[in-house]
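# Breakdown of the fold
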Amino acid sequence: MRFPEDVPTLADELITLRAHTPADIEPAYDVCQDPEMQRWTTIPVPYERRHAEQYLTEQIPAGWRGGSSWAWAIEYDGRYAGTIDLRPGDGNVGEVGFAVAPWARGHGVMTRALKLTVRYAFEQGWDRVIWRAFTGNWGSRRVAWKCGFRNLVTIPGGGVARGVRKDEWVASIARDDEPVPQGNWWRVPVIEADGVRLREFRATDAKRVAEACDDERTQYWLTGLPSPYQVEDAEGFIESRQENLAGGEGVSWAIADPDTDDLLGCVSVFDLRNRIDKTMGEIGYWAHPDARGRGVMSTAVRYVIRHAFTPIEVGGLGRRRLVLFAAEGNTASMRVAEVNGFTRFGIERAAGPTRDGDFRDAYGFDLLVTDAGARDGKPGAER
Ligand SMILES: CC(C)(COP(=O)(O)OP(=O)(O)OC[C@H]1O[C@@H](n2cnc3c(N)ncnc32)[C@H](O)[C@@H]1OP(=O)(O)O)[C@@H](O)C(=O)NCCC(=O)NCCS
């Protein structure tokens, strides 16, 4: 191919992908000063003007001429907004890489650019396009998810940036795959009502999480928790919430005091990808010791039920059935289930391990979306 004459222009209503020009050197250099850009890509750091010059005037044209990579400038709002490239590989499989300027992020630019390039790759005879990102690059992962990339795996040490190995996510899309999101990527809506605030966990909650989970009663009933439970465990828990959401597994809310925003507890709906029933969910919770005994959890669960039974199309979890388990003797937990209209359906014998190596019975509760009052968060009220 000749550069720039043979570089195809790809466009939709908002963006255009075109050959780079020398006028892009300056804005490309600017983009590469961005700390996010340096953190998530393999560009040289410090990034100098000569790097941008070399990339745009030598590397990119050589890629087109030799067929080793096809890089486009992304034009958005009349300006250079970033670069996306395809790197063909053997056997009709290749990789994609991309970056957009900070000012253009969050407007769907990269989602559009990726859709256009993936379609182009398949038109050129590719069978599969591979996306890779360092773990933790949620923006990139979401773009790939929105475009239908799937079967994500994590490869420990799979990536390398400036000589340092890093964990890497890899996902791909094949020619016959529908370019639409696979699975749910849940969000955590803020719910503020009746004296509680439900919101996303944040890093600053770690100390209160550790206090709550290292508490004697929490440790007694939730035997799966690390013991002792330390601030590092809390940090790991908070960090892993994002994976839970992105993987469609579950949603956890921090229950916070509406005045101080201090953490009072946690309520989760999980097992949302249950193999047998994708319309069920399990509710679990714990409260900080200083928040117990004043109805905080009952209220929080009430609003979580309402969200869980709200259809996915309008932002809910689209659940049909919720279950909840409480170990024999855990009266407070059973009370939360009962005041929220759950029906006790039975006892799972010797279901829950205790810390001393024994097994305790667990009481099972369930609530169906068809139960009176369940949908509007007032289950039980009308019974
Ligand atoms: C990743 C990047 C390309 C995204 O570009 P973009 O144009 O902002 O992407 P889009 O607007 O099309 O979509 C971004 C989506 O990710 C979401 N997102 C961004 N940051 C996120 C985060 N930290 N957690 C969860 N979602 C996030 C946005 O909300 C948006 O989703 P939505 O439209 O459903 O709300 C851009 O941030 C970037 O250039 N980063 C630096 C370079 C880089 O990481 N390149 C990829 C290397 S693999």
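Rules of the game
- Residues numbered from 1 in each chain as written.
- Predicted model: local features only at pLDDT ≥ 70, side-chain atom pairs only at ≥ 80, totals over all residues.
- Heavy atoms only, no water.
- Salt bridge = Lys/Arg side-chain N within 4 Å of Asp/Glu carboxyl O.
- Buried < 20%, exposed > 50% of the residue type's maximum accessible area, 1.4 Å probe, protein only.
- UniProt positions renumbered as here; feature names shortened; annotations may be inferred.
- Helix = DSSP H or I, 4+ residues; strand = E, 2+ residues; numbered from the N terminus.
- Pairing = 2+ DSSP bridges.
- Axes fitted to C-alpha atoms, helices over the stretch in contact; angles between N-to-C directions.
- Core = buried A, V, L, I, M, F, W, Y, C linked by side-chain atoms within 4.5 Å.

To continue, consider the pattern of salt bridges. Taken as a whole and assessed by the stated rule, the structure comprises 29 salt bridges. With its nearest N and O atoms 2.9 Å apart, the salt bridge here joins Asp-24 to Arg-18. Considered together, Asp-24 and Arg-18 belong to a single accessibility category, that of buried residues. Each of the salt bridges in this network shares a partner with another, and the network as a whole consists of Glu-192, Arg-197, Arg-199, Arg-202, Asp-205 and Asp-261.

Turning to the UniProt feature "domain: N-acetyltransferase" (unreviewed entry) in the protein chain, a few remarks are in order. UniProt tags residues 15–176 and 196–366 as "domain: N-acetyltransferase" (unreviewed entry). Helix makes up 34% of residues 15–176 and strand 36%, and the two end C-alpha atoms of the span are 25 Å apart. Helix makes up 32% of residues 196–366 and strand 30%, with an end-to-end C-alpha separation of 24 Å.

Here the focus is the sheet that holds strand S9 (residues 191–193). With mixed pairing, 8 strands are arranged side by side in an open sheet as S9-S10-S11-S12-S13-S14-S16-S15. Two strands in the sheet have a free side with no partner beyond their single neighbour: S9 and strand S15 (343–353). Sheet twist, expressed as the mean angle between neighbouring strand axes with direction ignored, is 25 degrees. In this structure, strand S13 (residues 280–287) lies alongside strand S14 (residues 321–327), joined through 4 bridges in parallel fashion. Opposite Ile-283, over in S14, you have Leu-324 as the bridge partner.

Cis geometry is found at the peptide bond from Phe-3 to Pro-4, where omega equals 5 degrees. For Pro-4, the location among the structural elements is in the segment before strand S1 (10–11). The omega torsion of the bond from Ser-227 to Pro-228 falls at -5 degrees, within 30 degrees of zero and hence cis. The topology assignment puts Pro-228 in the loop between helix H7 (216–221) and helix H8 (231–246). The residue Asp-77 is not glycine, and still its phi comes out positive at about 60 degrees. Residue placement: Asp-77 occurs in the loop between strand S3 (70–76) and strand S4 (79–88).

So, on to the nonpolar core. Most often, soluble globular proteins have nonpolar side chains that are buried together. Among the nonpolar cores identified, the biggest contains 54 residues, and Trp-72, Ile-84 and Phe-149 are the most heavily contacted of them. Take this core: its biggest share by element is 9 residues, from helix H4 (residues 109–123).

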